[in-house]
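# Overview (structure and organization)
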Amino acid sequence: MKEEKSNKTKHVIFRLTPKEYANLEAKRGRTTCRKLSEFLRLLIFNGPVTVIERNGSQDQMIGELSELREELNRLGNNFNQATKRLNAVNQISEFRNWIASYEAEKTFLFSMLDKIKSQTDKLADRWLQ
């Protein structure tokens with residue numbers, strides 16, 4: 001069944017000081033309302049307004065975890081590039097020995113990076129719900 005589209009043709013205009021407007025926008029920003037008009041309609045007509053509670057320290061932690069994840073990705077990429085270059089210089093036996101001995105460390109490093117990345121993804125998903 002189609003919903004009837006309501007024609008909102010009436011305007012209500014009132015003036016606010018810049019400070020009052022900033023306060024109103026700040027309150028709207030903490031809700032799920034995308035538009036100020038939607039927020040005001042809910043307030044005026046006693047509709048339910050969903051307020052988003054955010055913890056500043058957790059927001060900061062999520063930001064830091066995101067930066068850590070990006071840095072870990074860069075480290076992993078750099079490690080891969082270095083290993084490929086060393087494999088290209090395969091003629092020197094010392095390099096071959098070094099590559100063989102550090103292959104296990106590479107595997108361990110990448111498994112730890114995957115675990116850290118997985119945990120940060122879970123934390124971010126849980127927090128952003």
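The structure this text deals with has already been given above.
Residues numbered from 1 in each chain as written. Predicted model: local features only at pLDDT ≥ 70, side-chain atom pairs only at ≥ 80, totals over all residues. Heavy atoms only, no water.

### Some points on the overall build of the protein chain
For the protein chain, the count of helices and strands is four helices and zero strands. Counting helices and strands in the order they occur from the N terminus, the protein chain gives α-α-α-α. Put simply, the protein chain has 129 residues, and 15% of those count as buried. When the accessible surface of the protein chain is summed, it comes to about 11,400 Å², and 54% of that surface belongs to carbon and sulfur atoms. (Helix = DSSP H or I, 4+ residues; strand = E, 2+ residues; numbered from the N terminus. Buried < 20%, exposed > 50% of the residue type's maximum accessible area, 1.4 Å probe, protein only. Areas by Shrake-Rupley, 256 points an atom, 1.4 Å probe, with all protein chains shown as cover.)

### A closer look at the environment of Leu 109
Relative to the assigned elements, Leu 109 resides in helix 4 (residues 93–128). Since its relative accessible area comes to 33%, Leu 109 is described here as partly exposed. In sequence terms Leu 109 and Phe 79 are 30 residues apart; their C-alpha atoms lie 9.7 Å from each other.

### What to know about the pattern of salt bridges
Under the defined criterion, the tally for this structure stands at two salt bridges. Between Arg 28 and Glu 25 there is a salt bridge, with its nearest N and O atoms 3.0 Å apart. Placement of the pair is Arg 28 and Glu 25 together in helix 1 (residues 18–29), with a separation of three residues, close to one helical turn. Of the residues examined, Glu 25 reaches a relative accessible area of 21% and is grouped as partly exposed. The residue Glu 71 makes a salt bridge to Arg 74 at a minimum N-O spacing of 3.0 Å. Linking Glu 71 with Arg 74, this pair stays in helix 3 (residues 56–88), spanning three residues, or about one helical turn. (Salt bridge = Lys/Arg side-chain N within 4 Å of Asp/Glu carboxyl O.)

### Remarks on the layout of surface pockets
In this structure, the largest pocket spans a volume of roughly 400 Å³. Around the largest pocket, the lining residues are Lys 8, Thr 9, Lys 10, His 11, Val 12, Phe 14, Ser 37, Leu 40, Arg 41, Ile 44 and Phe 45. (1 Å grid on protein atoms, 1.4 Å probe; cavity = no way out; pocket = protein on both sides within 12 Å on 5 of 7 lines; lining within 4 Å. Points joined across faces, edges and corners; volume = space filled by probe spheres on them.)

### Considerations on a nonpolar patch on the surface
Among the surface-exposed residues, Val 12, Phe 14, Leu 16 and Tyr 21 lie close enough to one another that they form a single nonpolar patch of about 430 Å² accessible area. Look at Leu 16 and you get partly exposed, because its relative accessible area is 35%. (Patch = residues over 30% accessible without salt bridge, like charges linked within 9 Å, V, L, I, M, F, W, Y side chains within 5 Å.)

### What about empty space enclosed by the protein?
Counted by the stated rule, this structure contains one cavity of 30 Å³ or more. Quantified by volume, the largest cavity comes out at close to 50 Å³. Lining of the largest cavity is provided by Phe 79, Thr 83, Trp 98, Ile 99, Tyr 102, Glu 103 and Lys 106. For the lining of the largest cavity, the secondary-structure elements that each account for two or more residues are helix 3 and helix 4. Per-element accounting of the lining of the largest cavity gives the leading share, five residues, to helix 4. Of the residues assigned to the lining of the largest cavity, the class counts are four nonpolar, one polar and two charged. (Nonpolar A, V, L, I, M, F, W, Y, C, P; charged D, E, K, R; others polar.)

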